[in-house]
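Read off the chains here:
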Amino acid sequence: MRSKTGAKAHSAEAGEVSDLSRQLLQAQEEERRRITRELHGQKARIQESLALLDRTIDGLRRTIARLSPRVLEELGLITAIRKQAQLLARHTGIHSQLELPEDIGELDSDVQVVVYRSVQEALSNVAKHSHASNFKVKLTFNSSKLALEVEDDGIGFSPRTAQDRGFGLKGMRERATALGGSMNIRSNPGKGTRVRIVFQLEDHGSRSGTGKPLRRASAA
Ligand SMILES: Nc1ncnc2c1ncn2[C@@H]1O[C@H](COP(=O)(O)OP(=O)(O)OP(=O)(O)O)[C@@H](O)[C@H]1O
Ligand SMILES: [Mg+2]
């Protein structure tokens, strides 16, 4: 049998142990809450980073889609131009008119890329600057000449003073002349705008004077 003092000491010890275990439990509980808070914070930061990544990837995809001529391989030039015009009309409400050949035969693929890029840039200018009600994309094509015209009935501009404003028209001219073509802008303030690109072609749609072998264009 234990003595009374022994029993007292024992219950004091037991009290201390239960105090300690209570403190331990509280500390564990507090630690658990802290970790949960931290995980929530981390989760929110990870979600933010993922959302940012998604936006970056989306932007990148759009840029690549604009840069890549894959769309030409997949759709063919005529359908790709039609799509661009439809997109512009849908997004801006500007009425579109298209005059496109059924078929472009074996048109040199570099020329196709320049024509497609030019359509993209000219239509983006129509959307950004023209305030037009109507635009027209016209492509004429025969064995000796290809001409692209993008025309709008908007506010127009003075081509000389607009030279330094952006890179779009400059790039368009550079790409056309690099392949032996030419570009011409007809525009006046208040009188609409017409951008025209012309390539002289040899037989069957190859560029003149390049001596480049013909490459088969994808079906339109
Ligand atoms: N269809 C248009 N109608 C009215 N103004 C135009 C039209 N196209 C071009 N412009 C004028 O010519 C300027 C130069 O056009 P450009 O495409 O070279 O540059 P940008 O569109 O301003 O910029 P970027 O093409 O580099 O994004 C434009 O800023 C605008 O003032
Ligand atoms: Mg532009």
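That block above? That's the structure.
Computed from a prediction, not measured in an experiment: that's the story for all the values here.

Visitor: I would appreciate a short explanation of the site of ligand 1 in the present structure.
Guide: Around ligand 1, the surrounding shell holds 15 residues, and the nearest of these are N125, K128, H129, R165 and F167. Within the side chain of H129, one N or O atom sits 2.7 Å away from an oxygen atom of ligand 1. Measuring from an oxygen atom of ligand 1, one finds a backbone N or O atom of G168 at 3.2 Å. For the shell around ligand 1, the element with the highest residue contribution is helix α4 (residues 109-130), accounting for 5 residues. Of the residues belonging to the shell around ligand 1, the class tally is 4 nonpolar, 7 polar and 4 charged.

Visitor: Got a minute to help me understand unusual backbone geometry in this structure?
Guide: Note: most residues except glycine have negative phi, and most peptide bonds are trans. Of note in the backbone geometry, H131 takes a positive phi value of approximately 55 degrees without being a glycine. With respect to the element layout, H131 can be found in the loop between α4 and β2 (134-141).

Visitor: Help me understand the coordination of the magnesium ion (ligand 2) in this model?
Guide: Put simply, a metal with four donors set out as a tetrahedron has ideal angles of 109.5 degrees, and one with six donors set out as an octahedron has ideal angles of 90 or 180 degrees. Bound to the magnesium ion (ligand 2) on the protein side are E121 (OE) and N125 (OD1), at distances that span 2.1 Å. Here N125 and E121 lie together in helix α4, a separation of 4 residues that amounts to about one turn. On the accessibility criterion, E121 (14% relative accessible area) is buried.

Visitor: Where do I start with the pattern of salt bridges in this structure?
Guide: Should the charged atoms of two oppositely charged side chains come close, the side chains can pair. Scanning the model with the defined rule gives 10 salt bridges in all. Ionic pairing is found between D19 and R22, a salt bridge with its closest N-O pair at 3.1 Å. Separated by 3 residues within a single helix, D19 and R22 lie in helix α1 (residues 4-67), roughly one turn from each other. One salt-bridge network, held together by shared partners, links E30, R33 and R37.

Visitor: I keep staring at the nonpolar core and nothing clicks. Help me out?
Guide: Most often, soluble globular proteins keep nonpolar side chains buried together rather than apart. Within the largest apolar cluster, 37 residues are counted, with the highest numbers of intra-cluster contacts made by L77, V115, V137, L139 and F199. A per-element tally of this core places α4 first, with 8 residues. Beyond its immediate sequence surroundings of up to four residues, L139 is in contact with L77, I78, I81, E99, L100, P101, I104, V115, L146, A147 and L148.

Visitor: When you look at the pairing of strand β5 (residues 193-200) in this model, what are you seeing that I'm missing?
Guide: In the case of a regular strand, side chains alternate between the two sheet surfaces. Most of β5 is tucked away: 6 of the 8 residues are buried. Bridge count for strand β3 (residues 145-152) against β5 is 8 bridges, and the pairing is antiparallel. Considered in β5, the bridge of K145 is made with Q200. Pairing of strand β4 (residues 182-187) with β5 involves 6 bridges; the strand directions are antiparallel.

So, how was this worked out
- Residues numbered from 1 in each chain as written.
- Chains lettered and ligands numbered in written order.
- Predicted model: local features only at pLDDT ≥ 70, side-chain atom pairs only at ≥ 80, totals over all residues.
- Heavy atoms only, no water.
- Near = heavy atom within 4 Å.
- Polar contact = N/O pair within 3.5 Å; in protein donor to acceptor, adjacent residues only side chain to side chain.
- Helix = DSSP H or I, 4+ residues; strand = E, 2+ residues; numbered from the N terminus.
- Nonpolar A, V, L, I, M, F, W, Y, C, P; charged D, E, K, R; others polar.
- Donors = N, O, S within 2.8 Å, 3.2 Å for Na, K, Ca; no water.
- Buried < 20%, exposed > 50% of the residue type's maximum accessible area, 1.4 Å probe, protein only.
- Salt bridge = Lys/Arg side-chain N within 4 Å of Asp/Glu carboxyl O.
- Core = buried A, V, L, I, M, F, W, Y, C linked by side-chain atoms within 4.5 Å.
- Contact = heavy atoms within 4.5 Å.
- Pairing = 2+ DSSP bridges.

None of this, on its own, says anything about what the molecule does.
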